[in-house]
Amino acid sequence: MNFIEELRWRGMVHDLMPGIENVLKNPGCAGYIGFDPTADSLHIGSLVQIMTLVHFQRAGHKPIALLGGATGMVGDPSGKSQERNLLDQDTLAKNIEGVQRQLEHFLDFSGPNAAEIVNNYDWFENLSFIDFIRDVGKHITINYMLAKDSVKSRMENGMSFTEFSYQLVQGYDFYHLNQNKNCQIQMGGSDQWGNIVTGTELIRRKSGGEAYALTTPLIKKADGGKFGKTEEGNVWLAKERTSPYKFYQYWLNTSDEDAATYLKIFTLLDEQTIAQLLRQHLEAPHLRLAQKTLAADITQRVHGTEELNNALLATDILFGKATAEALGTLKEEVFLQVFEGVPQAQISSDLLHKGISIVDLLVAEGKFLSSNGEARREIKANAITVNKVRVDEQFILTSEHLLNERYVLIGKGKKNNFIAVFN
RNA sequence: GGGGAGAUACUCAAGCGGCCAACGAGGACAGACUGUAAAUCUGUUGGUUCAUACCUUCGCAGGUUCGAAUCCUGCUCUCCCCA
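Cut-off values and rules
- Residues numbered from 1 in each chain as written.
- Chains lettered and ligands numbered in written order.
- Predicted model: local features only at pLDDT ≥ 70, side-chain atom pairs only at ≥ 80, totals over all residues.
- Heavy atoms only, no water.
- Near = heavy atom within 4 Å.
- Polar contact = N/O pair within 3.5 Å; in protein donor to acceptor, adjacent residues only side chain to side chain.
- Helix = DSSP H or I, 4+ residues; strand = E, 2+ residues; numbered from the N terminus.
- Nonpolar A, V, L, I, M, F, W, Y, C, P; charged D, E, K, R; others polar.
- Expected span 1.5 Å × (residues − 1).
- Buried < 20%, exposed > 50% of the residue type's maximum accessible area, 1.4 Å probe, protein only.
- Contact = heavy atoms within 4.5 Å.
- Pairing = 2+ DSSP bridges.
- Axes fitted to C-alpha atoms, helices over the stretch in contact; angles between N-to-C directions.
- Disulfide = S-S within 2.5 Å.

Undergrad: In this structure, what is going on with the protein's contact with RNA strand B? I would like to understand it.
TA: Around RNA strand B sit 24 residues in total, of which Leu252, Thr315, Arg376, Lys412 and Asn416 are the nearest. When atoms of RNA strand B within 4 Å of the protein are split into backbone and base, the sugar-phosphate part holds 62%. Ser371 has a polar side-chain atom sitting 3.0 Å from a phosphate oxygen of RNA strand B. At the level of secondary structure, the elements contributing two or more residues to the surface near RNA strand B comprise helix 13 (244–252), helix 17 (305–319) and helix 21 (372–380). Considering every element that reaches the surface near RNA strand B, the biggest residue donor is helix 21, with five residues. Looking at the surface near RNA strand B, its residues break down into five nonpolar, eleven polar and eight charged.

Okay, here's the thing in structure tokens:
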């Protein structure tokens, strides 16, 4: 199966330029995708692009990941309704480093079609403004640039010359890679079509070369929500930003419909395996085999086996039939990772000698709830657990309840947790 | 500038002298069911030593009254109509 066919059945092709399949007949073609260093980590929205490169490489071609050290300084107006703030050079340098480290996880940098990472700042650094407008600007008309969606949609509200120029800068990237790396293909999200086409246009007019565009669809959730967002914000690839446990949970919680789509896009499982998996899922939907496979596959690829196992263990303990003993088996490090972002309270362990009533623990000491009345209501409603064990109003906390000798896990309902730390 | 309407808890919105901690809807939280889903049903959604009690709340500040979210005065803000 060739690259295009592969992407097609996976639902990863939004649009492509005719003729691209011809070029891709021979292995070893170079193709690139640009990544914006707007943060020191990519989030899972970029995963579609990363997987596209992975497939490209598996099909025997040479993937190039371009980091926008220069374009990041200009700001891509595509899909943006407002002018963006510019990043300073230090931040940009730090971001590039972080993003590069992540990309290195996914691609193979050895062999005949070794992947490559380039930074467009390297060729823009010494290109003067005059050279640029003479050598690049001369080939593209304003009329052409104005016709782009990314520009048209901003005519009402205004757009700086900087962002207006963006498509030329990105176009020049393509031209540069075409000249220096024989790169004929640029891929990207569907919002990149306009920018990519400016590049192919520039290549044709400047050097008479042929270049092609391929875009992937925008990933959406079946319920219309934004992909890759939680209440807490983006789902990041960096474990410092989104813990492997939360990462795993994000994928595990996808709907049945989305899981089928995501399996194709985000895993390397083949068509038969996925079809088989979905059949099994349909027979026993409550086992959520599709989600579990999806979550495990992606977590493993992004964070590695060890982190995946921790996430699985934590998930089992939190959502399985967990006992206080099982909770105690969690390593402190994993425990803290699982409950990262959960409200915590520091409480003096002296209080444990005479014991702390559950109401005091929730309100006076822990400040987890705002009033005693609320605490009593929740207790009466059977909502409160201590170390996964339901408690009533008579419950008294003592030192024998401590996990890892200092933690107590308090749950309110299924999804709200609090941690009391004793020291 | 003239005339009119309004401001109530997270939001919308009733209430127009005592039975008002304030109807109802949405949202949120919880319980049951379930697949850590959706739908559904139920409960809760000012505070207190848990109570047929007390305290604080209906734009702000005063006042009338045994008693005010409700009546009066002033202030602030919002909306509508006319010029």
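Undergrad: How should helix 12 (residues 193–207) be read in this particular structure?
TA: An α-helical turn contains 3.6 residues, so any two residues separated by three or four positions project in the same direction. In a regular helix each residue adds 1.5 Å, so 15 residues correspond to 21 Å; helix 12 covers 21 Å between its end C-alpha atoms and thus fits that length. Among all positions of helix 12, only Asn195, Ile196, Val197, Thr198, Gly199, Thr200, Glu201, Leu202 and Ile203 are buried. At its buried positions, helix 12 is contacted by helix 8 (142–146), helix 11 (166–181), strand 5 (183–189) and strand 6 (212–216). One or two steps after helix 12, the chain reaches Gly208, where phi turns positive at roughly 75 degrees.

Undergrad: Honestly, the sheet that holds strand 2 (residues 30–35) in this entry has me stumped. Any pointers?
TA: Within a beta sheet, neighbouring strands are joined by backbone hydrogen bonds and run either parallel or antiparallel to one another. One open sheet accounts for six strands, arranged 1-6-5-2-3-4; its pairing is mixed. Looking at which strands have only one partner, the edges of the open sheet turn out to be strand 1 (15–16) and strand 4 (116–119). Direction of pairing for strand 5 relative to strand 6: parallel, over a ladder of five bridges. Residue pairing for strand 6: Met187 is matched across the bridge by Leu214. Along the sheet face, helix 3 (residues 47–58) touches strand 2, strand 3 (62–67), strand 5 and strand 6 and points at about 165 degrees away from the line of strand 2. This element, helix 5 (residues 89–106), spans strand 2, strand 3 and strand 4 of the sheet and lies at about 160 degrees to strand 3.

Undergrad: Looking at this model, I keep getting lost on the state of the cysteines. Mind explaining?
TA: Two cysteines joined by a covalent bond between their sulfur atoms form a disulfide. Per the counting criterion, the structure on display carries zero disulfides. The thiol of Cys29 is unpaired, and the distance to the nearest cysteine sulfur, on Cys183, comes to 9.4 Å.

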